[in-house]
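# A look at the structure
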Amino acid sequence: MAPAEILSGKIVSAQVRDRLKQQVVEMKEKFPGFRPGLAILQVGNRDDSNLYINMKLKAAAEIGISANHIKLPNTATEADVLRCIASLNADPAVHGFIVQLPLDSNNPINTEKITNAVAPEKDVDGLSSINAGKLSRGDLGDCFIPCTPKGCMELIRQTGVQVAGKRAVVIGRSKIVGAPMHDLLLWNNATVTTCHSKTSTLAEEVGKADILVVAAGKAEMVKGEWIKPGAIVIDCGINHVPDSTKASGKRVVGDVAYDTAKEKASYITPVPGGVGPMTVAMLMQSTVESAQRFLEKFQPGKWAIQYNQLNLKMPVPSDIEISRSCVPKPIEQVASEVGLLPDEVEPYGQTKAKVQLSALNRLKNQPDGKYVVVTGITPTPLGEGKSTTTVGLVQALGAHLHQNVFACVRQPSQGPTFGIKGGAAGGGYCQVVPMEEFNLHLTGDIHAITAANNLVAAAIDARMFHELTQTDQALYNRLVPSVNGVRKFSDIQIRRLQKLGINKTDPAALTKEEINAFVRLDIDPGTITWQRVLDTNDRFLRKITIGQSPTEKGFSRTAQFDITVSSEIMAVLALADGLDDMKKRFGRMVVASSKKGQPVTADDLGVTGALAVLMKDAIKPNLMQTLEGTPVFVHAGPFANIAHGNSSVLADKIALKLVGKDGFVVTEAGFGADIGMEKFFDIKCRYSGLRPHVVVLVATVRALKMHGGGPAVTAGVPLPKEYTEENLQLLANGCSNLNKQIQNAQLFGVPVVVAVNAFKTDTKAELALVVQKAKEAGAFDAVECTHWAEGGKGALALARAVQRASQAPSNFRFLYNMELPVVDKIRLIAQQVYGARDIELLPEAQEKVAIYTKQGFGNLPICMAKTHLSLSHDPEQKGAPTGFVLPIRDIRASVGAGFLYPLVGTMSTMPGLPTRPCFYDIDLDPVSGGVNGLF
């Protein structure tokens, strides 16, 4: 018979590398900025290991794989190696990961423990017990195969011979070649015999083989005459035998006697140049396969998400009963379902987690989903159900229409939770769960804000005290102390010097005048705008006197506490787009003015870095879920009157990437459309660069009746009959408010869908009238909703309307140009959004306009601080009042957050407790540990 055809590993591996190179190019085109990543961990410095690693690095570079060689010294311990492996397992940029064997360490290291520590999904060497187990049971599509057996199979495929039904013999049973080769042939439907050093009839077994794979490690052990005529022979051996004709005195041979074997075989691999080149090629192939699996699992597409089935009951139980009846999914499962990597998630117990900002960087090249903002008519004490509608809408889009969808909502303050309003997790069968976790401490963000805010307040008073009690030189010596004989400015002090125009870094080089300018902030106590905060409703902290202890030497002043969520630090958290941006915004926060009228900032106080440290975890969005299992980001909770009243930019940005281009992100704006929605557009969207697709405007029959002239309501007293019986005229009158809020949304060029949140006392005629009036006012659509009682099912019509509206043309625009004078921007909002005839600036407000314009803050957006209970400044004026003059009492600046906030009337920043606060009903079950009484 003719001599065997040579199966050249050099030729086949080159073909494999060319194919992989093209696949990597296609990956990069589809996912810009992405590269498959391979990590090679080496312990010690063996020459043979270095040679093999260099071959792998060269092949990776040729294909376009990002390869990283991590080299630990031979003093490394087992613990050192395991720590390094844990880090590489958690690195999302590493898709393939091998440990170069043997481990060249002076310390004892368990190789089996090391190889099994590699994450199975990154174990491209296929050496872990999990991958070996999957291979042994035939799960070939869900495991990695050791590279040498994989290369052998590729060479066998090159022959064109069908493996199925053939008799195969494998000589050798090592974990790296022989045992996996047996399994691979078996699950490719060959009949396989494994031979080894104890096999007594080796020649006889070899003679039966249609396919022979030899990995015995013994030079030319298999003789040519043993081989069945026409067999395929794969020789994995590399052995050195004496050869006086070679310069080295030896030559490389395989485990098969090549010269005689090739006369009987139909195909045979040479040594060298056969299996060897295939091993590196297969390592590269496994790395590319791992990268492909990573992209399939963690790039936006249709989520494989498990939704929770609601057990609806009538009458609808209390919110906390419904919340308790739901068994939330483990938060790690929720994170995995939406495409977050394990190392991007920091669980806080079983039902909530922080999400690392690195997720946004990983997904930066992905298209955004559709952006929906939920707002409402002017609020009334009867409630409109914005939060409930937000949750109902995402449950409908997700659990019922199977769209990728995220809700992004604010974290509630504990003040109202224990005061009169209660929680803010939604209600009925539309809640964020667990509601007690949501409404209480969550992950401690508000407490971090409290600590950061009060550090600034303490720094202000301490600095004034020390400046009043020390000379310039004494201040300088304490601010820039000598440590071990060396004086050095801190980074933040260098920034202050640069701000003052002093370009010096040597503390000894400053003149007396420069020292004076450096150490004296010279704060005017009457200009301090920064207050201490507490996340509790406490009316007796609205005005206090501080500094009454004798140790403060009589330097007392009148001050106040605000509620934590009104802090500018909360507003900064909500508007920052990363750690660096947050830190810069902290530095720009103006806390007072000097006696010369210059703004004094947190950077001047030297506190910026400390604030960033206190807030480093708070900036990460909190992941939770709804009753029906759809994901929710709960992050930030700024006031909607003195701040912008929206959840964080970062949460929205991460969610928009995770849902993908066909998904939806639904966020909520505080209070009515005239307040929260206007600020969402003119402040949040201006800073984030995000553009909304749809406005959902929530209205209720009974709230519109109040706007139509219905009587006042009193807590704890039954509702007047006007709200429980049909009254179409009263309702029609109140629709003036609905019409105005629809017009307000249209000012920004975004389609409006009206959600009529139905109550059991509403009649069909009343609901139909609201729908009719909304459409006549220009709404894209208007639908009745019953989600409070039915969950997502009750918001299906709303969800479908939002889908349609998101496809409609959106000509988004801001209401005003930031370069306009401050007064003109205020007037535009008052006239176009509120319906005012004009504005009136009181003397204090006029003075602030002049000051802020002079200080360079005149081009900031405007954040109106007015009552949420009316379109006007008078909370008693319902409906859509017109012709009024809006009084501007004062103007304040949140320079770090990035807006000016005019005060319309008196605006309390510290709520008080009512006669009967909610805390009367809140209790802890000492047996179960459950919280009772929240709503």
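These numbers were taken from a predicted model, which means no experiment stands behind them. Residue positions are counted from 1 within each chain, in the order its sequence is given. Confidence filtering applies because this is a predicted model: local features only for residues at pLDDT of at least 70, side-chain atom pairs given and counted only at 80 or more, and all residues used for totals across whole chains, interfaces and linings. Values shown for side chains rest on all heavy atoms present in the structure; no hydrogens or waters enter the calculation.

Our next topic: the nonpolar core. Judged by nonpolar contacts, the single largest core of 145 residues is most densely connected at Phe406, Met615, Phe633, Phe681, Leu738, Val754 and Leu886. Tallying contributions element by element places helix H17 (residues 445–469) first for this core, with nine residues. Whether two residues touch is decided by their heavy atoms; if any such pair falls within 4.5 Å, the residues are in contact. In contact with methionine 615, not counting residues within four places along its chain, are Ala448, Ile449, Ala452, Ile569, Leu573, Met582 and Phe586. Residues belong to a common nonpolar core when they are buried Ala, Val, Leu, Ile, Met, Phe, Trp, Tyr or Cys residues joined through side-chain atoms within 4.5 Å. Three exposure classes are used, based on accessible area relative to the maximum for each residue type with a 1.4 Å probe and protein chains only: buried under 20%, partly exposed in between, and exposed over 50%. By size, the runner-up hydrophobic cluster in this structure holds 55 residues, among which are Val24, Leu155, Ala215 and Cys236. Where helices and strands are cited, they refer to DSSP runs of H or I of at least four residues and of E of at least two residues respectively, numbered from the N terminus.

Following the sequence through the fold, threonine 115 ends up in helix H4 (residues 111–117). Excluding anything up to four places from it in sequence, threonine 115 contacts Leu101, Leu127 and Ser128.

Pairing between strands is defined by DSSP: at least two bridges between them are needed. On the basis of which strands lie adjacent, the open sheet formed by three strands has the order S3-S2-S4 and parallel pairing. Looking at which strands have only one partner, the edges of the open sheet turn out to be strand S3 (66–72) and strand S4 (96–99). For this sheet, the mean angle separating the axes of adjacent strands, direction not counted, is 15°. Pairing analysis gives four bridges linking strand S2 (residues 37–43) to S4, with the strands arranged parallel. Every axis corresponds to a line fitted to the C-alpha atoms, with the helix fit spanning only the stretch in contact, and the corresponding angles, defined between N-to-C directions, vary from 0 to 180 degrees.

Put plainly, a pocket is an open set of points on a 1 Å grid over the protein atoms alone with protein on both sides within 12 Å along at least five of seven lines, a cavity is a set where a 1.4 Å probe fits but cannot get out, and a lining residue has an atom within 4 Å of a point. Grid points are joined across faces, edges and corners, and a volume is the space filled by probe spheres set on the points. For the structure shown, the criterion picks out one cavity of 30 Å³ or more. Taken as a whole, the largest cavity encloses approximately 30 Å³ of empty space. The wall of the largest cavity is formed by Ile98, Val99, Thr115, Val118, Asp123, Asp125 and Leu127. Considered class by class, the residues forming the lining of the largest cavity number four nonpolar, one polar and two charged. Think of it as three bins: nonpolar holds Ala, Val, Leu, Ile, Met, Phe, Trp, Tyr, Cys and Pro, charged holds Asp, Glu, Lys and Arg, and polar takes everything else, Gly as well.

In this section: helix H7 (residues 178–186). Of the positions making up H7, those classed as buried are Gly178, Pro180, Met181, Asp183, Leu184 and Leu185. Here the buried face of H7 lies against helix H5 (129–136), helix H6 (147–158), strand S5 (167–171), strand S6 (191–195) and strand S7 (211–214).

This part covers the side chain of glutamate 344. By the secondary structure assignment, glutamate 344 is in the loop between helix H12 (331–337) and strand S12 (345–347). Classification of glutamate 344 by relative accessible area gives buried; the value is 1%. In this structure glutamate 344 touches Lys354, Val355, Gln356, Ser358, Ala359 and Arg362, once residues within four positions along its chain are discounted.

As a further point, take the pairing of S5. Burial analysis of S5 places four of its five residues in the buried class, which makes it a mostly covered element. Sheet topology places S5 next to S6; five bridges connect them, and they run parallel. Residue pairing across strands places arginine 167 opposite threonine 191, the latter belonging to S6. Between the parallel elements S5 and S6, the chain passes through H7 in a crossover that is right-handed. Looking down the strands as they point away from the viewer, one classifies a crossover as right-handed if the path from the first strand across the helix to the second runs clockwise.

This part covers the sheet that holds strand S8 (residues 232–235). Reading across the sheet, the six strands line up as S1-S11-S8-S7-S5-S6 and stay open at both edges, with parallel pairing between neighbours. The open sheet is flanked by strand S1 (5–6) and S6, the only strands paired with a single partner. Where H6 meets the sheet, it contacts S7 and S8, and its direction lies at approximately 150° from that of S8. Of the strands in this sheet, S5, S6 and S7 are in contact with H7, which crosses S5 at around 170°.

Moving on, we come to the packing of aromatic side chains. Whether two aromatic rings pair depends on their centres lying within 6.5 Å, for rings of Phe, Tyr and Trp, where Trp uses its six-membered ring; planes under 30 degrees apart make the pair stacked, over 60 edge-to-face, and the rest tilted. Enumeration according to the criterion identifies 15 aromatic pairs in this entry. Taking the centre distance of 5.5 Å and the plane angle of 50° together, the rings of tyrosine 371 and phenylalanine 680 count as tilted. In this pair, tyrosine 371 is assigned in strand S14 (residues 370–376) and phenylalanine 680 in helix H26 (residues 673–688), connecting sequence segments 309 residues apart. Given a relative accessible area of 1%, tyrosine 371 falls into the buried group.

To continue, consider the packing of H6 against H7. At their nearest, the axes of H6 and H7 sit 9 Å apart, and the two run at 40° to each other. Classified by the interaxial angle, the pair formed by H6 and H7 is oblique. Handedness of the crossing formed by H6 with H7: right-handed. Residues Pro149, Lys150, Cys152, Met153 and Ile156 of H6 form the contact with H7, whose participating residues are Pro180, Met181, Leu184 and Leu185. Here the contact of H6 with H7 is composed, by residue class, of eight nonpolar, no polar and one charged. These descriptions rest on fixed angle ranges, namely under 35 degrees for roughly parallel, over 145 for roughly antiparallel, 65 to 115 for roughly perpendicular, and the rest for oblique. Handedness of a helix crossing follows the sense of rotation of the near helix relative to the far helix, less than a right angle counterclockwise being left-handed and clockwise being right-handed.

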